[in-house]
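# Descriptive analysis of the structure
Here is what each chain is made of, one letter per residue.
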Amino acid sequence: MAIDPNQRPDPDDLLAQLQEDEQRARRGRLRIYFGASAGVGKTYAMLGAARREQQAGRAVLVGLVETHGRSETAQLLGDLPRLPLRPVAYRERQLLEFDLDAALARKPAVLLVDELAHSNVPGSRHPKRWQDVQELLDAGIDVWSTLNVQHLESLNDTVGAITGIRVHETVPDTVLDAADEVVLVDVTPDELMARLKEGKVYIPQQAERAAQNFFRKGNLIALREIALRRTAEHVEDDVRSYRVEQSITQPWNTAGAILACVGAREGDEQVVRAAARWSGQLSVRWHAAYVETPHLRRLPAPERDRILAVLKLAEELGAGTAALAGNDAAAELVQHAQQLNCATLVVGRSQVRRLSGWLAQPGMTRRLAALAPWMDIVEIGRRESVRRLARLVQETPAPEGAGDAPRWQRYAKAAGASIAITLAATPLRDLLDQANIVMLFLLGTVLVALRLGRGPAALAAGLNVAAFDFFIVEPRLSFAVNDLQYLVTFVVMLGVGLLTGQLTAGLRFQARIAASRERRAQSLFELTRDLSAALLASQVVELGEEAVRHHFGGDALVLPTDAHDELIVPADPLPGFDRPIADWAFRHAQPAGLGTSTLAAHGWHYAPLQAPMRVRGVLALRPAEPRWLFIPEQRRQLETLARQVAIALERVHYVEIAQQALVDMESERLRNALLAAISHDVRTPLTALIGLAESLAVSEPPLSARQADTAHVLAGQARELATLVNNLLEMARLQSGKVRLRLEWQSVEEVVGVALRMLRPLLADRQLEIRVPPDLPLVEFDATLMERVLVNLLENAVRHGGPPIELRATATDTQLVLSVRDHGPGLPASVRGREEILFEKFTRGEAESVRPGVGLGLAICKAVVDAHRGTITAANADGAGAVFTVRIPRRPPPELPPLTA
């Protein structure tokens, strides 16, 4: 059985598919339980499926599930293995969050992570939970999650307009599109409202407010319809992917997609409008396509503009547009419809032909029906076209092709070629047989068709027949013939000349189209290759501008962003460039200017540089031929160029961040090594200095009062310096990464006592209040390091606060809370609202403080607390002073064995 070359799979596509399958096999699978609103039963359905998976023998782990007080959901959760939540401090509160690191360490077969759109607490590794899920999937873990329709980014505004309530936690549509499975959980609005009244959705107070606002029946009906449609779109993508993988060309009429066939005749905008209207009525996708044949390529500029206008109208009405190229428009349209899985073709009615029978060529409708009998074809009546492009584009002449000469010159060259062949063949008439001379004339026709096109080839064929009759055939220099058989020769010669000219011109057209596509692919390849070697944003900008100018001509500007998220515009931009329009395109992430629906009369086109993570700048273009931006194929080329530049800018940005991080890490390592070395060398003479100063104070004979004060000050300053050295050593030890916590069950009261004894000289004349409950349970921590935390916090309160100083310790079921408060002036105004900077190394709350210290005490506290997976915060206390609060997670202490008599 013969294989159609057009249907033979492309080797590059097969290789890309294999690589994609291999990557997908390593990656975990994402299943999303999708619903119209809260209360439809997404979490319940997910837990039920998880129980079935567990019974089947798979390792199922609950990473996080929100029951919202629903007893049925909590009962179904039951004894499923759960991952402990991670306590996170936020605004003087302790919040429990999903523990990503613990989930990666456990690596279950299936992990349940509820509420995909949730925003993580500031300071977490990822700002959004869906980003946590992406990391889990990359680690090869299957993840199940839940999502409501109002949390989809593209539907956020639509749902907000319907319900009057705008949600701020959103998920990019690409997350849902990339999900391996989407399970729609659906209930009727009446059933959902009944659940709300029964308290199965919210508690009674919340349920009453919800029933008056979000949970109105009209809202629920609309949300249900949106959820059903969005799920159907995902299923449709799955069908299309399956058809591509299985090489199925015949359309499956599952969605009823429509393809509007745009031609060169007047009135084709009626075809587009009818297709858009039916698409809205049937709620299906639709597309519009135009096939540029060699004949249509030679149309004058106004008619080509009309075709582009119809395509732009289709794009404005929501269609996906395409400009195809080929000799057979019907065959190209059928192939395009098969690729898009369109089962309905909408075409304009063909003009009534006067010829009939075998002389009449079939119209577009009949040709489509013959090529695709399984498709539905709808004919639309034509009316006069009133749709035109903007005047800016109409005034620009449209060349018939790159390098084409004016029409009269091409026909003059064809006539000259016929004259040249005649002059060459005339001397050979007595040497060669007439059949061979006919071949010379036919060769001339083929060369003319190859170089000048179909029309000049037809002229050359006619002139060659006349020249052959006049100069070669007897009687010469006359159009009369002695033998009527020459008439057959003339007819065959003319027919063969026209046919070969037609075929050659068609091949020439296909070759030019192929060469154009090859140039576009080559330019993209060269740009990608050059961008991969760029290490600076300026190099990316230069390469991007050069590539855009090379392809579109005219002027081009690539405008990246600076550290403040502002566009970097040249000091002397090109004439016509408009900074406010570029800013608008950047802020709204939408194209503007020429060829768009926003400020279309402007002479420049502004395209946002959309990278995977964010918009990285704007590409501004003033093309040499404005109409190129209305051709879908050229538009996609521009979008691809912009995408490549955006990805390169984002890569360079992260390379710079990584390089800076490496420099900072190396600087930190060298600084810690230097501090450790210096501190060790200084500690020994300091110990001797402290001993000598204390010995002077008790020496015999006794010192005078002035000498005793000097010895006391000397000992105090030496102890201050010793504290600084100890802090430097402790910080270097903590940041070396070699510290291992000696976690043991400790008495908080004993640790507090040791810290107070260490600070006895400093606290001798200070008012101190200690509040440690006698029944405080044992807590598991490193006693030595926690003593250092309390010493640094108390020392900080003495030096920067005022009396009395309060030390409190309390315990809950999940954490130990230690707080140190003073009654001084409180935190400096310079750090209010950004208190976290107090815990950075070499940072002091008062810029011009004369008190001793280098700003390491609080940094050490934070390092120790972080090592215990706890949190430390600073805030102004009620009334006066500052309060530092340490929270350490705890678990119940082990039970002591019973005492035996």
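Below: a short report on this structure. (Residues numbered from 1 in each chain as written. Predicted model: local features only at pLDDT ≥ 70, side-chain atom pairs only at ≥ 80, totals over all residues. Heavy atoms only, no water.)

### Remarks on the environment of Arg-508
Defined as follows: Secondary structure elements follow DSSP: runs of H or I of four or more residues count as helices, runs of E of two or more count as strands, with numbering from the N terminus. Burial classes: relative accessible area under 20% of the type maximum marks a residue as buried, over 50% as exposed, and values in between as partly exposed (1.4 Å probe, protein chains only).
For Arg-508, the location among the structural elements is in helix H20 (residues 485-532). With a relative accessible area of 18%, Arg-508 lands in the buried category. Considered as a pair, Arg-508 and Gly-453 are 55 residues apart in the sequence and their alpha carbons are 7.7 Å apart.

### Observations regarding the pairing of strand S9 (residues 286-292)
Stated precisely, the cut-off is as follows: A pair of strands counts as paired when DSSP detects no fewer than two bridges linking them. Assignment of crossover handedness uses the view with strands pointing away from the viewer, where a clockwise path from the first strand over the helix to the second indicates a right-handed crossover.
When you tally the buried positions in S9, you get seven out of seven residues, the bulk of the element. Judged by which residues are buried, S9 turns out to be covered on both faces: Trp-286, Ala-288, Tyr-290 and Glu-292 on one side and His-287, Ala-289 and Val-291 on the other are all buried. As judged from the five bridges shared by strand S8 (residues 257-262) and S9, these two strands associate in the parallel manner. Looking at the pairing, Leu-259 lines up with His-287 of S9. Considered for its hand, the β-α-β crossover made up of S8, helix H11 (residues 268-282) and S9 is right-handed. One ladder, built from six bridges, connects S9 with strand S10 (residues 320-325); its direction is parallel. Opposite His-287, over in S10, you have Gly-320 as the bridge partner.

### Comments concerning a nonpolar patch on the surface
Note the cut-off: The patches described consist of residues with a relative accessible area above 30% and no salt bridge, like charges being joined within 9 Å and nonpolar side chains (Val, Leu, Ile, Met, Phe, Trp, Tyr) within 5 Å. All accessible-area figures derive from a Shrake-Rupley calculation using a 1.4 Å probe, and residue coverage is judged against the displayed protein chains alone. By convention in these notes, a salt bridge is any Lys or Arg side-chain nitrogen within 4 Å of a carboxyl oxygen on Asp or Glu.
Together, Tyr-411, Leu-459 and Leu-463 make up a nonpolar patch on the protein surface, roughly 210 Å² of accessible area in all. For Leu-459, the position within the fold is in helix H19 (residues 454-472). With a relative accessible area of 31%, Leu-459 lands in the partly exposed category.

### Details of the pattern of salt bridges
Taken as a whole and assessed by the stated rule, the structure comprises 31 salt bridges. Of the charged contacts in the structure, one is a salt bridge between Asp-186 and Arg-224, with a shortest N-O distance of 2.9 Å. Placement of the pair is Asp-186 in the loop between strand S7 (181-184) and helix H8 (189-197) and Arg-224 in helix H10 (residues 217-245), with a sequence separation of 38 residues. Its relative accessible area of 26% is what places Arg-224 among the partly exposed residues. The shortest N-O distance in the salt bridge between Arg-587 and Glu-566 comes to 3.1 Å.

### Here's the deal with unusual backbone geometry
Each neighbour pair has its own omega, and for Pro-803 with Pro-804 the value is -5°, a cis peptide bond. Of note, the phi angle at Ala-589 is positive, near 55°, even though the residue is not glycine. Relative to the helices and strands, Ala-589 resides in the loop between helix H22 (579-588) and strand S14 (592-593). Of note in the backbone geometry, Arg-869 takes a positive phi value of approximately 60° without being a glycine.

### Points about the nonpolar core
Put simply, the rule reads: For our purposes a nonpolar core is just a set of buried Ala, Val, Leu, Ile, Met, Phe, Trp, Tyr and Cys residues, chained together by side-chain atoms within 4.5 Å. Contacts were defined at the residue level, with two residues in contact if any of their heavy atoms lie within 4.5 Å.
In this structure, Val-748 and Leu-793 are the most contacted members of the largest nonpolar core, which totals 42 residues. Breaking this core down by element, the ones donating at least two residues are helix H25 (748-758), strand S19 (779-781), helix H27 (783-800), strand S20 (805-811), strand S21 (815-821), helix H28 (857-867), strand S22 (871-876) and strand S23 (882-889). In terms of residues, this core owes the most to one element, H27, which gives ten residues. Residues in contact with Leu-793, not counting those within four places in the same chain, are Val-820, Leu-858, Cys-861, Ile-872, Phe-884 and Val-886. Counting residues in hydrophobic clusters, the runner-up holds 33 residues, among them Leu-30, Ala-117, Trp-130 and Leu-137.

### Let's talk about the sheet that holds S22
As a reminder, the rule being used: Inter-axis angles, ranging from 0 to 180 degrees, are taken between N-to-C directions of lines fitted to C-alpha atoms, where helices are fitted over the stretch in contact.
Spatially, five strands are ordered S18-S20-S21-S23-S22 in an open sheet, and the strand pairing comes out mixed. Each end of this open sheet is capped by a strand with a single partner; those strands are strand S18 (768-771) and S22. Across the sheet, the mean angle separating the axes of adjacent strands is 10° when strand polarity is ignored. Lying on the sheet, H25 is in contact with S18, S20 and S21; it crosses S18 at an angle near 165°.

### So, the side chain of Thr-596
We apply this condition: Counted as a polar contact is a pair of N or O atoms within 3.5 Å, where, for protein atoms, one must be capable of donating a hydrogen and the other of accepting one, and residues adjacent in sequence contribute only when both atoms are in side chains.
For Thr-596, the location among the structural elements is in the loop between S14 and strand S15 (605-610). For Thr-596, a relative accessible area of 7% puts it in the buried group. A distance of 2.7 Å separates a polar atom in the side chain of Thr-596 from the backbone oxygen of Gly-593. Sequence-distant contacts of Thr-596, that is, excluding residues within four places in its chain, are made with Lys-312, Pro-591, His-605 and Arg-635.

### Quick word on helix H5 (residues 129-138)
Residues spaced three or four apart along an α-helix point in a common direction, a consequence of the helix completing one turn every 3.6 residues. Most of H5 sits inside the fold, with seven of its ten residues counted as buried. Burial in H5 covers these residues: Arg-129, Trp-130, Gln-131, Asp-132, Val-133, Leu-136 and Leu-137. Among the residues trailing H5, Gly-140 stands out with phi positive, at a value near 85°.

### Here we look at the packing of aromatic side chains
Cut-off, in case you're wondering: Centres within 6.5 Å are what make two rings of Phe, Tyr or Trp a pair, Trp counting through its six-membered ring; a difference in plane orientation under 30 degrees is then read as stacked, over 60 as edge-to-face, and the rest as tilted. Our definition puts a charge over a ring when NZ of Lys or CZ of Arg is within 6 Å of the ring centre and also within 35 degrees of the ring normal.
Enumeration over the complete set of coordinates arrives at six aromatic pairs. Look at Phe-577 and Tyr-606: their rings are 5.8 Å apart centre to centre, the planes differ by 55°, and that puts the pair in the tilted class. Of this pair, Phe-577 sits in the loop between strand S13 (555-560) and H22 while Tyr-606 is found in strand S15, placing the two residues 29 residues apart along the sequence. Taken together, Phe-577, Trp-604 and Tyr-606 form an aromatic cluster joined through their ring pairs. Lying over the aromatic face of Trp-144, Arg-31 brings its terminal NZ or CZ to 4.1 Å of the ring centre.

### Details of the pairing of S8
S8 sits mainly inside the fold: six of its six residues count as buried. Taking every second residue as pointing to the same face, both faces of S8 are buried, with Ala-257, Leu-259 and Cys-261 on one and Ile-258, Ala-260 and Val-262 on the other. The pairing of S8 with strand S11 (residues 342-348) spans four bridges and is classified as parallel. Bridge pairing links Ala-257 to Cys-342 in S11.

### Some thoughts on the packing of H19 against H20
Our working rule: An angle below 35 degrees is treated as roughly parallel, one above 145 as roughly antiparallel, one from 65 to 115 as roughly perpendicular, and anything else as oblique. By convention the crossing between two helices is left-handed if the near helix lies anticlockwise of the far one by an angle smaller than a right angle, and right-handed if it lies clockwise. For this classification, Asp, Glu, Lys and Arg are treated as charged, while Ala, Val, Leu, Ile, Met, Phe, Trp, Tyr, Cys and Pro are nonpolar and the rest, including Gly, are polar.
Viewed as axis vectors pointing N to C, H19 and H20 meet at an angle of 160°, and their least axial separation amounts to 9 Å. Taken as axis vectors, H19 and H20 run roughly antiparallel relative to one another. Where H19 crosses over H20, the two elements pack in a sense that is right-handed. Contacts between H19 and H20 involve Arg-454, Ala-457, Ala-458, Ala-461, Gly-462, Asn-464, Val-465, Phe-468 and Asp-469 from the first element and Thr-489, Phe-490, Met-493, Leu-494, Gly-497, Leu-498, Gly-501, Gln-502, Ala-505 and Gly-506 from the second. Broken down by class, the residue content of the contact of H19 with H20 amounts to ten nonpolar, seven polar and two charged.

### Here's the deal with the sheet that holds S11
Strand order in the open sheet formed by five strands is S10-S9-S8-S11-S12, and the pairing between neighbours is parallel. Only two strands of the sheet have a single neighbouring strand rather than two, namely S10 and strand S12 (376-380). The mean angle between the axes of side-by-side strands here comes to 25°, regardless of whether they run parallel or antiparallel. Together, S8, S9, S11 and S12 form the strand contacts of H11, whose direction differs from that of S8 by roughly 175°. Across the face of the sheet, helix H15 (residues 364-371) comes into contact with S11 and S12 while running at roughly 175° to S12.

Distances and angles like these do not, on their own, reveal function.
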